[in-house]
Every structure is written in C-alpha cells, then in structure tokens.
Amino acid sequence: MDNSKRKQVFVFLAILLIAVIGGILGYRLDGDVMWHFKTGEYIVTNRIIPHTDVFSWQQGLNWMCHEWLYDIVLFLFYSNFGETAVKGLLIIALLVPLFISYQHNKKYIKYPVLYLVYLTFIMAFWNNSYCARPGEFSIGILLIESILLLSDYKHRNILSFLLAILMVNIHGGSIAELLVLPLLLLISDIISDLALDKDVFKNIQTHVISFMCIFAGSLINPYGIRIYKYTIDNFMKSGYINSHIQEWMPTTFVVLMAVFVVGMLLCMGADEKFKKFDKKAIRTVIIICAFTCEGMTIKRMYFPASCVLMVFGYQYLEKYLDRLLSLTWNKYFKKPLIPKKLYKLITEIGIVFTGCLTLTCTVLYLGASDIHKSFIETVDAKYPEMKEISDYMKENKIDGKIYNMYGDGGTLILHDIKTFVDPRCDPFMEGFSDTTSLYDYCVASDAKKTTKYEAFKEMSEKYDFKYALTNKSYPTDREVIKGLKDDDCEVLVENDKYALIKIK
C-alpha cells in the first residue's frame, strides 16, 4: 500500500471514529422523533399521508406532514431494529456530511491530521444531533446539490430536479435551502463579471434553468405548491412563537467559534483565485458566507451552516497553511519535518489504532443496546415518570381536553394521548389552522402583568381544559400546580416530574 492509499485509509477510519464518538456523546431521545415515529406508523398503517391533524384533541386543525418520507423510514427502522436503530441511525446521519466533506476535499488534503482536527472542531460545536431527525438527513442533499451546482457536470439540472423531489418529501420545510443556491450563484457571477468588466447577463439563463429545475422538483410532493405556505408562514407569521422554540432562537455566541469563522474568512480572502475574481472561488465563498450568516442568526440554521463550512472551507485553510509553510519552514529547511520512513510507520500505526478504536467504540455503543427492545420501551426506560402518568391515563380512560406543556407533546403522542399543543407547531398556528393555541400558550408562559397561574386560568376558560398535565421542570407549570392545588383541584397522580390534576 503506497503512502497515498495509507493516508486515505487512515482519514476514512478516523472519520468513522469521529461519527461514532459524536453519536455516543450526542445521543439523547429527542421529543420530535417520538411524534415522527407515530406519524410513520400512521402512514404505514392507514396507507395515507395526513393533510389534517390526527394527534391533537382540538378540532378542525390543518397539518402539513412535509416530512412524511422520513417518518416512514424512521418508523420502519425503529420498529424492526429497536433500540439499536435509534443509535445506529444517528451515527449514519453524522457520518453523511463528514463523508461528503472527505470526498470533496481528499484531493486537497496534504495534512491529514489538520483535516481531522478541522472536522472535529466544527463537529464539537454542532450540538444538534440527539436523534436522527429530518435535518440530519436533508443536509446531505443540500451538500450534494451545492457541489453539483459548483461543478460543470452536464446533467446537473436533471440531478437537481431529482434531489429536489427527495428533499421536499424528506424535509419539505427546508426546501428553500435548495432554491436559494442558484440565486446565490447568480449573485456571485454578477459580482465576478462586474469586477472583470464582463457581460453580467451571460450566465443568467444557466442559473434560471437550475432554479426552475429545483422548483419543479419541489412541487412533486403530497401538497404541491402549498408546501411553500409552510416556509412563508413560518417566516412571516411566527416570529413571537419561534422566540419560544429552542431551535428557532438566536444562536448562542461562542468566542472560539467566532474566531474560527473569522480566521476562515481571512483564509478565503487570501486565496489567489478569490483575489482574481475566479467564478468558482467567488461562488464557493458566497455560499459559505450566506449559510454562515444565517447560522449565526438562528440555531435551526447552525447545523447546515457548519456543514457547508466543513465541506467547502477546508481547501482555503490548507492553501493558506501551505503558503505559510513555504514562506517559513520550506524556505529555511531543506529536509521534511517528518522523514518518509517515520511517516510511513506513524501512518500504519495510526491505521491500526484508529481501526481498533473505531470497532471497539461501535461494538460497545451499539452492543449495549437491545435490538429486541422497542422504541417505545426505550423511551419508557428513559422517562419512567411519563410512563407512570400515561399508564394511569390509559387505565382510567382519561382523554379529551388536557393541557400539556409544548415539549411533552411528542411523548404524549407516542403513548396515543391527544395533545393540546406539541412540537409539530404548525397545526396550532393561525397561519395554518383557525386557532391561536400555540400563541396563547406562549403568551401565558410570558405573563408579566398577571401571575402565570392567572394567565393559565384565562387560557383554560378559552379552551375548556378538563385536566392539566404539568411538568415540574418548568417554572410556569410549577406555578400552575401550586395555583390548582390552592384552588382545591384534585391531584390524580403525581411523581417527581409530573402532576396530573383534574380542573374544577
């Protein structure tokens, strides 16, 4: 095996290790995955994609199940392979952007260790993957489409059309990420042509065709052009609601990451092709900057932004470091930093060590799970307090107008309990349904002029709650519990985390 092959094997094994360790450190049963699982079960069982709500006790709610294909895949994997699938799919979801990054950059990788440090550093700030959600799956499509549009591949528009179909049915709410790509390339070409005094209209047709192919593909979904209602309404009408949902809140400022991003931008600016307004270089930088700016605005876009930077940014860092070394080390020292024989030995040891460590971590991580333990059993083992409550509600046939906290909605859906609000969001927003329940929920949580319990009572009168399923982890619900108890409402069941109370 020559040095080039050794290097590739070492880097590939190290990428596998990074994905496995990322899965081990990041694994957590996210509430969204629970309702996705039940949606997949509903579609497979009934052989129909829902257009109206099926999980809330509220009547007449509309629901755009724009992640239906993901839901089916998730349900089939989780129901057939149990707890192992929950962990295994997360590793795969983390591996996809890492592998795409490697495939795109392998011809640039001169310093394998630097590349692996680069990947690890960016991945350390992801903080996004608790289970394999639609965003972790759709990011691969976004990255492939970006690479495709930056290339000169003659069939790229046909592939763009097919990728758009896949994207809109896996994660339809993020289809705008694909549509914006040809527009960014158009802007970058205009900048390049203006700088070089060329015809700015020459490439418009190319980008318009790309845009139309992606747009046409995006319309092949169960909802047609109405899929854009989800994106537009989320952008235009849900600002206040989104300020209460973690993934739509502003990104937390991290000094180390900010320094890294600024450093990467300086590396891009130092690139010779960028200085000469080379079209491909300008296009790449525009894509990186656009997604990075959006990623620094809201948490939802932080993951795509970091993945784009991971795929397209490394080549600039490598070029900059190579130039730096050529001006310092290579100028004053004739011999290489590491002799060839020692480099070969180090690489071979690295391959064996990394391969063994990857295999060990994977076996321990997946082997600790029980393939026979169903997804619901896995959730119940993790959240026994909710299992106690849901078992009581089923045994005593308690259903109907139950108040619940937004974050607990996914677990309730998993246990076939109808919700007031839940993380699907759009059925409970005025832009989609004739209700303001999610807005009312957020207003009650924010109450300042009155107590939170008085705000809850006002909401209770509007929706005629019969029961309150309260979560003691949240200040608002703790006030509600105290208020209901003070009003002599009957506590049906209570544990360390939840209280189910019958409202008078």
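Along each chain, the written sequence defines residue order, and numbers are assigned to residues from 1. Only residues with pLDDT of at least 70 get local features here, since the model is predicted, and only at 80 or more are side-chain atom pairs given and counted; chain-wide, interface and lining totals rely on the full set of residues. Excluded from the side-chain calculations are hydrogens and water; all other atoms, namely the structure's heavy atoms, are used.

A. Structural context of the overall build of the protein chain. Segments assigned H or I by DSSP are reported as helices when at least four residues long, segments assigned E as strands when at least two residues long, and all are numbered from the N terminus. On a plain count of helices and strands, the protein chain comes out with 23 helices and four strands. With C-alpha atoms as the basis for the radius of gyration, the globule rule is written as 2.2 Å multiplied by the number of residues raised to the power 0.38. By the compact-globule yardstick of 23 Å for 504 residues, the protein chain fits well, its C-alpha radius of gyration being 26 Å. If you line up the protein chain on its principal axes, its C-alpha atoms span 85 × 55 × 45 Å. Only protein chains enter the accessibility calculation, which uses a 1.4 Å probe. A residue is then buried if its area is under 20% of the maximum for its type, exposed if over 50%, and partly exposed in between. Taking all 504 residues of the protein chain together, the buried fraction comes to 51%. The contacts in the protein chain between residues at least 6 apart in sequence include a share of 75% that link residues at least 24 apart. In the structure as shown, the protein chain presents an accessible area of about 24,400 Å², 64% of it carried by carbon and sulfur atoms. In this description, contact between two residues means that some pair of their heavy atoms is separated by no more than 4.5 Å. Here, Shrake-Rupley sampling with a 1.4 Å probe gives the accessible areas, and only protein chains in the shown set may cover a residue.

B. Focus on helix α22 (residues 452–463). One fewer than the residue count of a helix, multiplied by 1.5 Å, yields its expected span. Here α22 spans 16 Å end to end across twelve residues, near enough to the 16 Å set by a 1.5 Å rise per residue. Looking at α22, one finds that the buried residues are K452, Y453, A455, F456, M459, S460 and Y463. The buried residues of α22 occupy an angular sector of 155° when projected down its axis, which confines them to one face. Seen from the open side of α22, the exposed residues pointing more than 90 degrees away from its buried face are E458, E461 and K462. Where α22 is buried, its residues meet β1 (402–404), α21 (437–446), β2 (467–471) and α23 (475–486). With its phi angle positive at about 55°, D464 sits one or two positions after the end of α22. In this description, the arc belongs to the directions extending from the helix axis to the C-beta atoms.

C. Inspection of the side chain of D271 at higher detail. As for its position among the elements, D271 is in the loop between α11 (255–270) and α12 (272–275). Accessibility expressed as a relative area gives 8% for D271, which makes it buried. Side-chain polar atoms of D271 contact the backbone nitrogen of F274, separated by 3.2 Å. Not counting residues within four places of it along the chain, the set of residues in contact with D271 comprises A281, Y316 and K319. Whenever a nitrogen or oxygen atom comes within 3.5 Å of another N or O atom, the pair is scored as a polar contact, on the condition that within protein one atom can donate a hydrogen and the other can accept it, and that pairs from neighbouring residues in sequence are kept only if both atoms are in side chains.

D. Looking closely at unusual backbone geometry. Backbone geometry at C425 places phi at a positive 70°, although glycine is not the residue there. Within the fold, C425 resides in the loop between α20 (409–414) and α21. According to the relative accessible area criterion, C425 is buried, its value standing at 12%. Unusually for a residue other than glycine, D464 sits at a positive phi of about 55°. Residue placement: D464 occurs in the loop between α22 and β2.

E. Looking closely at the nonpolar core. Working definition of a nonpolar core: buried Ala, Val, Leu, Ile, Met, Phe, Trp, Tyr and Cys residues. They are joined through side-chain atoms within 4.5 Å. Core analysis: the largest hydrophobic core is formed by 150 residues, its most contacted members being Y78, F375, Y441 and F456. Take this core: its biggest share by element is 16 residues, from helix α3 (residues 68–105). When residues no more than four places from it in sequence are discounted, the contact partners of Y441 are Y403, N404, M405, Y406, F420, V421 and M459.

F. Local environment of empty space enclosed by the protein. Any residue with an atom within 4 Å of a point lines the site, the site being either a cavity, points on a 1 Å grid over the protein atoms alone where a 1.4 Å probe fits but cannot get out, or a pocket, an open set with protein on both sides within 12 Å along at least 5 of 7 lines. Grid points are joined across faces, edges and corners, and a volume is the space filled by probe spheres set on the points. Using the criterion set out here, one finds one cavity of 30 Å³ or more in the structure. Computed from the structure, the largest cavity encloses a volume of approximately 40 Å³. Taken together, Y403, Y441, A444, S445, F456, M459, T476 and V480 form the lining of the largest cavity. Listed by contribution, the elements that provide at least two residues to the lining of the largest cavity are α21, α22 and α23. If you tally residues by element for the lining of the largest cavity, the top one is α21, at three residues.

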